[in-house]
Amino acid sequence: MSNTQLSGPEALRTALISADPALSRFDPLPRIISLDRFSTGHCGWSQLVGNYEDSLDSMLPAYAQHSSAMLSTLAHWDAGSHGGMDSSYALKVATHPRPGARNVAIKRFTFRKRGPIRFELYFTFKPEATELKLSETDVRSVGFLFDLQGGDRDADAERVMPHIRFLNASDGQFLQKWQFKRRNETFTRIGTDDKTVSHDHLGPNGWEDFPDGVQRLCYNEIPTKVNWSYLRFDFDLETMRPTAFSCNDRSFDVSGFDSMRMPAMKNLWCMLNFCLFAETDVAKRAFLYVDSVCISGDF
Amino acid sequence: MLPENFTAIVARNEPWSGKSASEPYEAGWAREAVIFVRALKAPVGRMPTAWVEISPDGMHWMREGTSLEIPSVKDGIAAARVAHFGNWLRLAAEFEDGAEVPVLVTIHLKA
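Description of the structure in this document. Source: prediction; values computed, not measured. (Residues numbered from 1 in each chain as written. Chains lettered and ligands numbered in written order. Predicted model: local features only at pLDDT ≥ 70, side-chain atom pairs only at ≥ 80, totals over all residues.)

## Things to note about the interface of chain B and chain A
Size of an interface: often given as the accessible area lost when the parts come together. Under the convention used in this document: It is the C-beta atoms, placed from the backbone, that decide contacts: two residues are in contact if theirs lie within 7 Å. Numbering goes from the N terminus for both helices and strands, where a helix is a DSSP run of H or I of at least four residues and a strand is a run of E of at least two. Side-chain classes follow a simple rule in which Ala, Val, Leu, Ile, Met, Phe, Trp, Tyr, Cys and Pro form the nonpolar group, Asp, Glu, Lys and Arg form the charged group, and the remainder, Gly included, forms the polar group.
With 18 residues of chain B at the contact, the number on the chain A side is 20 residues. When residues of the side of chain B that touches chain A are traced back to their parent elements, those giving at least two are strand E1 (5–16) and strand E3 (25–26) of chain B. With six residues, the single largest contributor to the side of chain B that touches chain A is E1 of chain B. A class-by-class count of the residues in the side of chain B that touches chain A yields ten nonpolar, three polar and five charged.

Structure below.
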């Protein structure tokens, strides 16, 4: 962000951000909700556990596979620890080594005001380096989603779930494109008390391509070399619509974007959840690494 | 700042039988770990001794030397304490033919 055209408090704010090495790589909105640097811990990124009642057997299989994210130095057998951008650590979301397996990390808030929010992160992804091959089509996708719901007095309260993924490969085809998903998945009743339901909203069907959404990210030349990429997604909680989406040097048209929308649920008021996920395309673990995350809002 | 500590759920309601192991977990930041196993249902057959494994890369594994007995009753728990384990941790076990139990494996880490 250039400070040259700003004045007053905004100029001071942006100057302070620019002078702070932890924040300077981000463009946060006026209120920083959280700044996650994984040399300081997991920063609230826990695993997305599926809903259940009475028995864990009632959990949908797609959720049963999820496990805890970890703090990683991106340690590789051939080159040692790769490290993060300015510390040794990154958050790592790892799948099982089974085609189509996925894992999801989640951070849970509620919001104070229905206004603009901004989600920024530096990320990279790789398959487990079990082969001395480029392996560029082994990771199926990495992505993120928000899980939102209006306040309990809002006349228009809905549960709204914007989903975006980078479809790296599918069935061995190297696709490298950004997709979103608005198609709702079927809810399944969990247990017998009529209190809990579950839906596999990250299921494989219903993903749509962003216009001109192909992007060749820096994958590098062997499975153990990684480069960090920047991602930003702007969303307005007032309109429950996205306002911008970009990754590195590319911006993508969100005018045709929509989220999964469903009637408000009885216990999720003002929900403001953020998820990060990875999927593997082959019988090999896929790893999503996140160096840092900044979540901010205008309130 | 308080030292980091973290509870990781690495296997939840996974039916273990034959050769089983938890998924690799990176914990190089931690100086100590306690690994708990809980039998979520009544086990079938004889429960084996499980052992902690360490690895240089998350792909090649060897025994660390610590072991625990997989619980033989529903909701029984067992624990193994390890330190000086490098970066990678997992729990492994080998069951007799026909023996099986759904497990909850959790790793409790402290810097």
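## Observations regarding the sheet that holds E1 of chain B
All names here are of chain B. The cut-off we apply is this: By definition, two strands form a pair when at least two bridges between them are found by DSSP. Only the contacting stretch of a helix is used when fitting its axis, a line to C-alpha atoms as for every element, and angles between N-to-C directions run 0 to 180 degrees.
The strand order E1-E9-E4-E7 describes an open sheet built from four strands, whose pairing is antiparallel. At either end of the open sheet lies a strand with only one pairing partner, and these are E1 and strand E7 (77–83). Ignoring which end each strand starts from, the neighbouring axes of this sheet average 15° apart. Bridge analysis of E1 against strand E9 (residues 101–110) gives ten bridges, and the strand direction is antiparallel. Bridge assignment links Ala11 to a residue of E9, and that residue is Val105.

## With respect to unusual backbone geometry
As a rule of thumb, non-glycine residues mostly have phi less than zero, and peptide bonds are mostly trans rather than cis. All names here are of chain A. Operational definition: Any residue surrounded by 20 or more other C-beta atoms within 10 Å of its C-beta is treated as buried, while 12 or fewer makes it exposed and the intermediate range makes it partly exposed; C-beta atoms here are placed from the backbone.
The phi dihedral of Asp54 falls on the positive side, at around 70°, and the residue is not glycine. Relative to the assigned elements, Asp54 resides in the loop between strand E2 (46–47) and helix H2 (61–64). Even without being glycine, Cys270 reaches a positive phi, approximately 60°. If you trace the backbone, Cys270 turns up in the loop between strand E19 (260–263) and strand E20 (271–280). Here Cys270 falls in the partly exposed class, since 18 other C-beta atoms lie within 10 Å of it.

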